2 protein chains.
Amino acid sequence: MSDRYANFANSGPGRVLVKRLGLPNPPMLRRYRPGDPLVRGPVLVGAAPGGRIEGPVRKMLTVAEVPMDGGPPWSALVFDATGVTDAAALHPIYEFFHANARALAGGGRVIVFGTPPAACASPREATAQRALEGLTRSIGKEFGRGSTAQLVYVAPGAEEFTDSTVRFLLSGRSAYVSGQVIWIGQVSSSPLTNWARPLEGKVALVTGAAQGIGAAIARVLARDGASVVALDVPAAGEALALVANEIGGTALQLDLTRPDAPSTLAAQLLSRHGRVDVVVHNAGITRDKTIAKMSAEQWDAVVDVNLSSQERINDALIPLLPEGGRIISVSSTSGIAGNRGQTNYATSKAGVIGLVQSMAPILAPQGVTINAVAPGFIETRMTARMPLAAREVGRRMNSLSQGGLPIDVAETIAWLAAPGSAGITGNVVRVCGQMWLGA
Amino acid sequence: MSDRYANFANSGPGRVLVKRLGLPNPPMLRRYRPGDPLVRGPVLVGAAPGGRIEGPVRKMLTVAEVPMDGGPPWSALVFDATGVTDAAALHPIYEFFHANARALAGGGRVIVFGTPPAACASPREATAQRALEGLTRSIGKEFGRGSTAQLVYVAPGAEEFTDSTVRFLLSGRSAYVSGQVIWIGQVSSSPLTNWARPLEGKVALVTGAAQGIGAAIARVLARDGASVVALDVPAAGEALALVANEIGGTALQLDLTRPDAPSTLAAQLLSRHGRVDVVVHNAGITRDKTIAKMSAEQWDAVVDVNLSSQERINDALIPLLPEGGRIISVSSTSGIAGNRGQTNYATSKAGVIGLVQSMAPILAPQGVTINAVAPGFIETRMTARMPLAAREVGRRMNSLSQGGLPIDVAETIAWLAAPGSAGITGNVVRVCGQMWLGA
């Protein structure tokens with residue numbers, strides 16, 4: 001569950017050896033601890049002429065008491081490219097990153113803002129805006145030293161709704177998120193947000209919460225102020241109770257594949273909490289076999305637990321969700337790229353993406369968002385059991401040269417669950433350190 | 001320019017050594033030669049209940065004289081999943097591939113047909129259809145021995161317009177295309193197609209045609225019946241003339257970055273050929289440097305040649321394109337995933353995707369399609385100069401364990417250029433052997 005090599009490579013003697021032998025050099029990631037400032041130093045903000053986002057972002061950084069001069073070194077390079085309407089006008093972006101790439105501190109952040117290509121006024125503008133994806137992903141692979149890079153597409157009219165996302169991306173909460181494209185749309189109103197405890201007063205359900213990523217999600221949502229209902233199968237009851245007790249939440253033992261599980265769950269949430277605001281579908285299983293060797297039971301169980309049960313539970317819980325409700329499903333990079341020996345798992349996790357994308361427009365009118373996170377290589381008991389070679393490939397083949405931690409997935413979910421993330425729906429955000437393995 | 005290891009591994013002594021030492025074992029790919037039948041043996045067609053595609057595909061295979069019984073071994077496994085309206089109903093797909101995975105011959109083909117999620121009647125159906133992507137990509141990684149796997153989404157009403165795509169995917173023309181999702185939409189009419197020489201009577205412009213991938217494109221389009229106008233910069237005039245003479249085409253020396261290049265090109269095409277039907281934007285350059293070390297000239301030149309010049313030429317040539325016209329742009333997997341040291345190149349190649357996606361709906365009313373192909377690791381003079389380690393990573397990190405050849409890119413372009421591909425527009429098809437390196 002720990003990355004001994006990374007720990008060693010960051011020790012005194014380890015650093016020397018790693019450098020001499022040219023071994024991979026995974027940087028220690030800057031992760032959030034309560035009370036941490038958003039960033040450790042000043043942020044440099046640049047813009048191409050005519051941008052819509054620079055003003056609101058500067059205002060937000062001022063409110064958050066983030067210094068915007070005094071560098072280098074810069075803790076983040078933020079560029080507003082929404083003013084770019086033609087490929088030739090991408091030049092100022094080159095100038096900005098050319099001049100400042102070396103002045104970004106270790107663990108730094110790169111955020112590029114653009115306009116969603118579909119919202120652009122001309123094909124020339126859409127083309128230039130789409131080009132930003134190639135730039136940002138290349139920067140993510142190039143800058144190194146634990147830095148991350150993302151492209152944030154902000155729909156016209158949504159300029160004031162980026163705070164939650166900028167705060168997440170600048171902070172240590174997004175340590176293992178890199179190379180992502182995030183889409184922020186217009187919302188009718190932006191609720192006031194308590195940035196220290198954004199989920200205060202919310203009831204959050206987390207399935208599969210007894211251990212690993214699910215337990216981390218429960219802990220982080222509770223840290224952020226939520227009353228957490230931690231759910232897992234009865235067989236995991238003991239571990240579940242420990243998690244629930246630790247975070248002052250409620251344990252709920254339930255087998256989600258039972259036909260009456262959705263109605264039982266809805267009834268329990270209403271009777272014990274009177275509401276549910278945030279639903280996190282984390283419960284999932286693997287039954288890895290090549291499809292030639294896979295039994296019908298192995299296929300059906302994975303599809304049912306990982307996908308169909310999410311659909312059935314949504315049917316029962318969506319009517320209970322208030323305006324501002326949130327659904328977050330855990331997908332997987334295997335669902336995006338496919339994986340040998342995981343036809344069942346990849347099918348179910350690709351289906352989760354379909355679920356999120358097809359439900360987002362249906363839920364939008366009631367002010368409910370639905371998103372997916374797709375973890376890459378995360379250090380868990382499951383990955384600790386992988387063969388050494390496969391584990392090392394998974395760990396090192398990403399822009400951060402290391403696996404992520406369960407808390408990295410949990411922080412990403414907490415960001416999407418926050419009231420300030422109202423403009424984000426139908427997104428799939430990988431938590432994979434910009435994993436190089438795709439398809 | 002050749003993969004000596006792959007040649008060795010497929011020799012008699014090589015096969016023994018590769019097996020004993022557990023070395024990578026790149027299969028010899030089945031590539032198309034004129035006169036080849038579509039497949040070497042019978043094709044197995046399956047369907048989930050209620051599918052729309054099985055009937056038309058069986059009819060097409062019958063017309064093409066492809067046997068549908070007599071196996072195993074099967075040369076292809078084709079499954080119509082358009083009838084699946086719920087994740088639980090994915091089970092017949094598991095049954096089909098579970099039962100027949102081992103009966104697929106080496107160099108076999110897997111094609112799964114689905115309904116575009118956005119065209120589905122319910123979120124349940126959209127979810128199940130989206131899940132097919134995880135299945136197909138996993139199969140691509142799992143089946144091995146030079147086999148490929150694709151997912152083809154067919155819009156309702158487009159069932160009769162799949163012939164061109166099925167023929168391409170079954171044949172040796174698609175040898176290096178795997179793990180792709182192809183979208184076929186409705187078209188007003190399906191022109192009769194001469195499958196032996198689909199481009200008979202068409203005039204095709206190929207930029208950057210003097211060598212490498214561009215020369216291969218010129219050759220394949222000529223083989224398929226087109227009158228090819230092979231264009232390159234004056235400095236490449238000698239090589240260009242050789243290619244043009246070889247294929248009975250016309251050589252056109254022109255620097256596409258000159259301001260008058262688009263109008264000159266349009267005038268030349270009209271005066272010498274009276275028309276242009278197919279435009280292939282292949283000309284491209286690299287100027288690799290990390291952005292901190294990259295000069296402004298290196299940024300600007302790559303964006304201008306690879307992206308802006310395509311836009312300017314389109315402006316001049318689109319008015320000339322008749323109904324049935326085709327534009328095909330060469331993008332790159334670097335434009336999709338980003339690449340260290342290629343911020344300029346990846347920006348330009350991501351922009352090409354934006355160009356294709358933003359222009360497709362604008363060109364649709366005039367019956368013109370626009371698509372991109374994105375080559376992965378292709379054996380060219382450029383990749384032959386790469387350092388050994390990087391070259392071997394690029395070559396082996398894909399589901400076919402080898403680099404592709406220029407002809408693989410050319411065949412994919414020829415498929416998109418064919419009259420029968422009228423339903424395909426706004427697509428980005430990678431020619432990368434299902435490269436594992438993504439983002």
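Residues numbered from 1 in each chain as written. Chains lettered and ligands numbered in written order. Predicted model: local features only at pLDDT ≥ 70, side-chain atom pairs only at ≥ 80, totals over all residues. Heavy atoms only, no water.

A.B. asks: Requested: an account of the environment of B:V112, with residues and values cited.
C.D. replies: Its place among the elements puts B:V112 in strand β3 (residues 104–114). When near neighbours in sequence (up to four residues on either side) are disregarded, B:V112 contacts B:F79, B:A81, B:F97, B:L132, B:T136, B:Q150, B:L151 and B:V152. (Helix = DSSP H or I, 4+ residues; strand = E, 2+ residues; numbered from the N terminus. Contact = heavy atoms within 4.5 Å.)

A.B. asks: Can you tell me about helix α8 (residues 237–246) of chain A, naming the residues and giving the values?
C.D. replies: An α-helix turns once every 3.6 residues. As a result, residues three or four positions apart point the same way. Residue and element names in this part refer to chain A. Of the residues making up α8, those classed as buried are G237, L240, V243 and A244. In an axial view of α8, the angular spread of the buried residues amounts to 125°, which keeps them on one side of the axis. Facing away from the buried side of α8 by over 90 degrees, the exposed positions are E238, L242, N245 and E246. On the buried face of α8, the contacting elements are α7 (212–223), β7 (227–232) and β8 (250–253). Backbone geometry just downstream of α8 places G248 in the positive-phi region, at approximately 65°. (Buried < 20%, exposed > 50% of the residue type's maximum accessible area, 1.4 Å probe, protein only. Arc of directions from axis to C-beta.)

A.B. asks: Which residues make up the interface of chain A and chain B, and what are the values?
C.D. replies: Listed per partner, the contact involves 69 residues of chain A and 69 residues of chain B. Between chain A and chain B lies a buried interface of about 5400 Å² when both sides are counted; carbon and sulfur atoms form 59% of it. The interface formed by chain A and chain B includes four salt bridges. Looking at the side of chain A that touches chain B, the elements that each hand over two or more residues are α4 (91–100), α5 (123–142), α10 (296–317), α11 (333–337) and α12 (343–363) of chain A. Per element, the largest residue contribution to the side of chain A that touches chain B is 14 residues, and it comes from α5(A). When its residues are assigned to classes, the side of chain A that touches chain B shows 32 nonpolar, 21 polar and 16 charged. (Buried area = accessible area lost by both parts, 1.4 Å probe. Salt bridge = Lys/Arg side-chain N within 4 Å of Asp/Glu carboxyl O. Nonpolar A, V, L, I, M, F, W, Y, C, P; charged D, E, K, R; others polar.)

A.B. asks: Give me the relation of the copies chain A and chain B: which residues, what numbers.
C.D. replies: Taken as rigid bodies, chain A and chain B are interconverted by a rotation of 180° and an axial shift of 0.0 Å, the fit giving an RMSD of 0.0 Å. This pairing of chains is accounted for by a two-fold axis. When the interface residues of chain A are mapped onto chain B, 100% of them again lie at the interface, so the same face is used by both copies. (Least-squares fit on C-alpha atoms with pLDDT ≥ 70 in both.)

A.B. asks: Can you explain the pairing of strand β10 (residues 326–330) of chain A? Please cite residues and give values.
C.D. replies: All names here are of chain A. Counting buried residues along β10, five of its five residues qualify, which places the element largely inside the surrounding structure. Across the two faces of β10 the burial is the same, with R326, I328 and V330 and I327 and S329 all buried. Handedness of the crossover is the feature at issue here: the chain leaves strand β9 (residues 278–281), passes through α10, returns alongside β10, and the resulting connection is right-handed. (Right-handed = clockwise from strand over helix to strand, strands pointing away.)

A.B. asks: A description of the sheet that holds strand β2 (residues 74–80) of chain A should follow, citing residues and the corresponding values.
C.D. replies: All names here are of chain A. What the five strands build is an open sheet, ordered β1-β2-β3-β4-β5; its pairing is parallel. Pairing within the sheet leaves two strands with one partner each, and these edge strands are β1 (43–47) and β5 (180–184). Along the sheet, successive strands turn relative to each other by an average axial angle of 20°, direction set aside. Summarising the sheet, β2 and strand β3 (residues 104–114) pair through six bridges and their orientation is parallel. Its bridge partner being in β3, F79 is matched across the sheet by V112. Where α5 meets the sheet, it contacts β3, β4 (148–154) and β5, and its direction lies at approximately 165° from that of β4. (Pairing = 2+ DSSP bridges. Axes fitted to C-alpha atoms, helices over the stretch in contact; angles between N-to-C directions.)

A.B. asks: With reference to specific residues and values, describe empty space enclosed by the protein.
C.D. replies: All names here are of chain B. Within this structure, the stated rule accounts for one cavity of 30 Å³ or more. Taken as a whole, the largest cavity holds about 30 Å³ of empty space. In this structure, the largest cavity is lined by T207, L256, H281, N282, A283, V305, S309, Q310 and I313. For the lining of the largest cavity, the element with the highest residue contribution is helix α10 (residues 296–317), accounting for four residues. Its residues assigned to classes, the lining of the largest cavity comprises four nonpolar, five polar and no charged. (1 Å grid on protein atoms, 1.4 Å probe; cavity = no way out; pocket = protein on both sides within 12 Å on 5 of 7 lines; lining within 4 Å. Points joined across faces, edges and corners; volume = space filled by probe spheres on them.)

A.B. asks: Provide a residue-level description of the UniProt feature "domain: Ketoreductase" (unreviewed entry) in chain A, including the pertinent values.
C.D. replies: UniProt feature "domain: Ketoreductase" (unreviewed entry): in the numbering of this structure it lies at residues 202–376 of chain A. Measuring from the first to the last C-alpha atom of residues 202–376 of chain A gives 28 Å, for a span that is 47% helix and 18% strand. (UniProt positions renumbered as here; feature names shortened; annotations may be inferred.)

A.B. asks: Account for the domain arrangement of chain A, with residues named and values stated.
C.D. replies: Residue and element names in this part refer to chain A. Partitioning chain A into structural domains gives domain 1 (31–184) and domain 2 (203–431). Between the C-alpha centres of domain 1 and domain 2 there is a distance of 28 Å. With 22 residues of domain 1 in contact, the opposing surface of domain 2 contributes 26 residues. Three residues stand out in domain 1 for area buried against domain 2, namely R31, R173 and Y176, and they jointly supply 36% of the buried area on that side. The interface formed by domain 1 and domain 2 contains three salt bridges. Between D224 and R173 there is a salt bridge whose closest N-O contact spans 3.3 Å. For the pair domain 1 and domain 2, the number of links is nine residue pairs in polar contact (both at pLDDT 80 or more). Elements with a contribution of two residues or more to the side of domain 1 that touches domain 2: α5, α6 (163–170) and β5. The leading source of residues in the side of domain 1 that touches domain 2 is β5, at five residues. Per-class residue counts for the side of domain 1 that touches domain 2 are 11 nonpolar, seven polar and four charged. (Domains from an automatic or database assignment. Polar contact = N/O pair within 3.5 Å; in protein donor to acceptor, adjacent residues only side chain to side chain.)

A.B. asks: A description of the packing of aromatic side chains should follow, citing residues and the corresponding values.
C.D. replies: Within the structure shown, the criterion is met by 13 aromatic pairs over all chains. Ring pairs connect the aromatic residues B:F79, B:F96, B:F97 and B:F143, which therefore count as one cluster. Between A:R173 and the ring centre of A:Y32, over which it is positioned, the NZ or CZ distance is 4.1 Å. (Phe/Tyr/Trp six-rings, centres within 6.5 Å; stacked < 30°, edge-to-face > 60°. Lys NZ or Arg CZ within 6 Å of the ring centre and 35° of its normal.)

A.B. asks: Any details on the packing of α10(A) against helix α5 (residues 123–142) of chain B? Residues and values, ideally.
C.D. replies: Across the interface, α10(A) lies against α5(B) with an axial gap of 12 Å and an inter-helix angle of 150°. With respect to their mutual orientation, α10(A) and α5(B) come out roughly antiparallel. Crossing hand, α10(A) versus α5(B): right-handed. Residues A:W299, A:L307, A:E311, A:R312 and A:D315 of α10(A) form the contact with α5(B), whose own contacting residues are B:R124, B:T127 and B:L135. (Parallel < 35°, antiparallel > 145°, perpendicular 65-115°, else oblique. Left-handed = near helix turned anticlockwise from the far one by under 90°.)

A.B. asks: Before we move on, could you go through the side chain of B:T82 and cite the residues and values that matter?
C.D. replies: Residue and element names in this part refer to chain B. Its location among the elements puts T82 in the loop between β2 (74–80) and α4 (91–100). What makes T82 buried here is its relative accessible area of 5%. Within the structure, the side chain of T82 is placed 2.7 Å from the backbone nitrogen of R52, a separation counted as a polar contact. Among the polar contacts made by the side chain of T82, one reaches the side chain of D80 at a distance of 2.6 Å. For T82, the residues in contact, after removing those within four places along its chain, are G51, R52, I53, F113, G114, T115 and Q129.

A.B. asks: Tell me about the sheet that holds β9(A), and please be specific about residues and values.
C.D. replies: Backbone-to-backbone hydrogen bonds pair the strands of a sheet. The strands run either parallel or antiparallel. Residues and elements named next belong to chain A. Read across the sheet, seven strands follow the order β8-β7-β6-β9-β10-β11-β12 without closing on themselves; strand pairing throughout is parallel. This sheet does not close on itself; its edge strands, each paired only once, are β8 and β12 (428–431). Between one strand and the next, the sheet's axes are offset by a mean angle of 20°, whatever the strand orientation. One ladder, built from four bridges, connects β9 with β10; its direction is parallel. Note that in β10 the partner of V280 across the bridge is I328. Contacts between α7 and the sheet are confined to β6 (203–207), β7 and β9, with β6 contributing the most and set at about 170° to the helix.

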